[in-house]
2 protein chains.
Amino acid sequence: MFQLFYTPHTCSLATHIALVDARAAYALRRIDFSKTEQRSPEFLRINPKARVPALLTPRGVLTETPAMLAFVAHSYPEAALTPFDDPFRFAEIQAFNSYLCSTVHVAHAHRMRGYRWADDAGAITAMQKKVPESVGACFELIDRHILRGPWVMGDAYTIADPYLFTLAQWLEADGVDPSLVPRVAEHRERMLSRESVKHALAEEMAI
Amino acid sequence: MFQLFYTPHTCSLATHIALVDARAAYALRRIDFSKTEQRSPEFLRINPKARVPALLTPRGVLTETPAMLAFVAHSYPEAALTPFDDPFRFAEIQAFNSYLCSTVHVAHAHRMRGYRWADDAGAITAMQKKVPESVGACFELIDRHILRGPWVMGDAYTIADPYLFTLAQWLEADGVDPSLVPRVAEHRERMLSRESVKHALAEEMAI
């Protein structure tokens, strides 16, 4: 049994979808940012970084989406969410997921979490202003150079797909016109038609 | 044979050290930022992100340090650089390396690459000002909560170690006093005594 510490509308959705895809046994533990629960002593014992997501497993806690996704896939090999028997293909998926966490999510985070990188109010406003351009450039690169279709890695659905879908949820709010990244937009629609995605989204809203 | 596209003083050093650790056959291909070679048509064919590092392998190109490190380790299992037979331990290493790329390196990048996230000169100065605090907080978390010692994951040297060492090279320039993160500083010294690290550093400076 896994416990996923999550908050709606955050990147925890990626691991949530993967848990459903894997038919894993899991429980959701919602962390309420409005009550700063991510800084509660209880949660800091789970994740001293004071962030979601975190995954409590029988072996201990994991954080960081690329690692959690790989572990879920590894724990349920019958779901075939990643090709562990092919180190190069696996590395390609890890490269994509690393790009999402280190560049795409970071560009997005400058809209609402600029205080991480500057104290000055004017600087935070300047960061927000550039988000449509910086996030847009990331998704254009994905659209033109990486996304193979119909899934990120081609014919096989993998742990790259729920992660891309999760960040693509924020396109409009980040000021990026989805019609400029048509293959990403199409991927998002394809994901929305999956039962696992519908289930995860409904579950996050229901609690 | 691998080809590593690298630039001295960047995070490409992590993969370079791992290649030496693995006793891999590799060639170094230096990318000169002062000539904006990272934006040359030749390099954009290798990596459309216009960044180092990139690893040309017999199967194709890989980017993103966590993925490249995992692939080097996977390609040379006799070097035992990561425990692929233990999915949880492997995920812990991936979690650490994801934290380095998505949070630690990003905090550092606000010192010299603020233009990625704002156009305003005042904003870029405000970002630079916060780097000692934001990078310092990351290394304090690593020092107190993650680094097990003597190596990142404990007794076994893994692909987490060259990556931590690479980012810890920048502590002083980022305005972080190494004495405030004594276990990280000690890890850095331990790494510097390794022949693979000495070899990689000498090779980067010699070309």
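What counts and how
- Residues numbered from 1 in each chain as written.
- Chains lettered and ligands numbered in written order.
- Predicted model: local features only at pLDDT ≥ 70, side-chain atom pairs only at ≥ 80, totals over all residues.
- Heavy atoms only, no water.
- Pairing = 2+ DSSP bridges.
- Helix = DSSP H or I, 4+ residues; strand = E, 2+ residues; numbered from the N terminus.
- Least-squares fit on C-alpha atoms with pLDDT ≥ 70 in both.
- Contact = heavy atoms within 4.5 Å.
- Polar contact = N/O pair within 3.5 Å; in protein donor to acceptor, adjacent residues only side chain to side chain.
- Phe/Tyr/Trp six-rings, centres within 6.5 Å; stacked < 30°, edge-to-face > 60°.
- Buried < 20%, exposed > 50% of the residue type's maximum accessible area, 1.4 Å probe, protein only.
- Lys NZ or Arg CZ within 6 Å of the ring centre and 35° of its normal.
- Domains from an automatic or database assignment.
- Buried area = accessible area lost by both parts, 1.4 Å probe.
- Salt bridge = Lys/Arg side-chain N within 4 Å of Asp/Glu carboxyl O.

### A look at the pairing of strand 3 (residues 54-57) of chain B
Residues and elements named next belong to chain B.
Part 1 of the argument: Strand direction decides the pairing type here: strand 1 (residues 2-6) and strand 3, joined by three bridges, are antiparallel. Across the sheet, Leu-4 pairs through a bridge with Leu-55, a residue of strand 3.
Part 2 of the argument: As paired elements, strand 3 and strand 4 (residues 60-63) share four bridges and run antiparallel to each other. Each residue of the ladder has a partner; that of Leu-55, found in strand 4, is Leu-62.
Part 3 of the argument: As consecutive antiparallel partners, strand 3 and strand 4 are separated by two residues.

### What about the relation of the copies chain B and chain A?
Part 1 of the argument: With an RMSD of 0.0 Å, chain B superimposes on chain A once it is rotated by 180° and translated 0.0 Å along the axis. The symmetry that links the two subunits is that of a two-fold axis.
Part 2 of the argument: Most of the interface of chain B is mirrored in chain A: 100% of its interface residues are interface residues there too.

### A closer look at the side chain of Ser12(A)
Residue and element names in this part refer to chain A.
Part 1 of the argument: Topologically, Ser-12 is positioned in helix 1 (residues 12-21).
Part 2 of the argument: One polar contact links Ser-12 to Thr-10, side chain to side chain, over a distance of 2.8 Å.
Part 3 of the argument: For Ser-12, the contacting residues outside a window of four places in its chain are Leu-4, Phe-5, Tyr-6, Thr-7, Pro-53 and Glu-204.

### Points about the packing of aromatic side chains
Part 1 of the argument: Inspection of every chain in the model, using the stated rule, returns 13 aromatic pairs over all chains.
Part 2 of the argument: The interplanar angle of 50° and the centroid separation of 5.6 Å between the aromatic rings of Phe5(A) and Phe43(A) together place this pair among those described as tilted. With a gap of 38 residues between them, Phe5(A) in strand 1 (residues 2-6) and Phe43(A) in helix 2 (residues 41-46) connect regions that are remote in the sequence. Residues Phe5(A) and Phe43(A) agree in their burial class; the two are buried.
Part 3 of the argument: Pairing Phe2(B) with Tyr76(B) gives two aromatic rings, centres 6.2 Å apart and planes at 75°, and the pair type is edge-to-face. Taken together, the residues span a long stretch of sequence, with Phe2(B) in strand 1 and Tyr76(B) in the loop between helix 3 (65-75) and helix 4 (87-112) at a distance of 74 residues. You'll find Phe2(B) and Tyr76(B) in the same group, each marked buried.
Part 4 of the argument: What links up through ring pairs into an aromatic cluster is the set Phe2(A), Phe71(A), Tyr76(A) and Phe88(B).
Part 5 of the argument: Sitting above the plane of the Trp151(B) ring, Arg194(B) keeps its charged end 5.4 Å from the centroid.

### Considering the environment of Leu19(B)
All names here are of chain B.
Part 1 of the argument: Note that Leu-19 resides in helix 1 (residues 12-21).
Part 2 of the argument: What makes Leu-19 buried here is its relative accessible area of 0%.
Part 3 of the argument: Linking Leu-19 and Val-72, residues 53 residues apart in sequence, is a C-alpha distance of 6.6 Å.
Part 4 of the argument: For Leu-19, the residues in contact, after removing those within four places along its chain, are Phe-2, Leu-4, Ala-24, Tyr-26, Leu-55 and Val-72.

### Regarding the domain arrangement of chain A
All names here are of chain A.
Part 1 of the argument: Split into domains, chain A comes out as domain 1 (2-80 + 197-206) and domain 2 (87-194).
Part 2 of the argument: Between domain 1 and domain 2, the C-alpha centre-to-centre distance is 19 Å.
Part 3 of the argument: At the junction of the two partners, domain 1 supplies 18 residues and domain 2 supplies 20 residues.
Part 4 of the argument: Interface area, domain 1 with domain 2, both sides summed: about 1,500 Å², of which 67% is carbon and sulfur.
Part 5 of the argument: Where domain 1 meets domain 2, there are one salt bridge.
Part 6 of the argument: One salt bridge in this structure joins Arg-194 and Asp-21, with 3.2 Å as the shortest N-O distance.
Part 7 of the argument: In this structure, the connection of domain 1 to domain 2 is made through five residue pairs in polar contact (both at pLDDT 80 or more).
Part 8 of the argument: Of all the secondary-structure elements, those providing two or more residues to the side of domain 1 that touches domain 2 are helix 1, helix 3 (65-75) and helix 8 (195-206).
Part 9 of the argument: In terms of residue count, helix 3 provides more of the side of domain 1 that touches domain 2 than any other element does, five residues in total.

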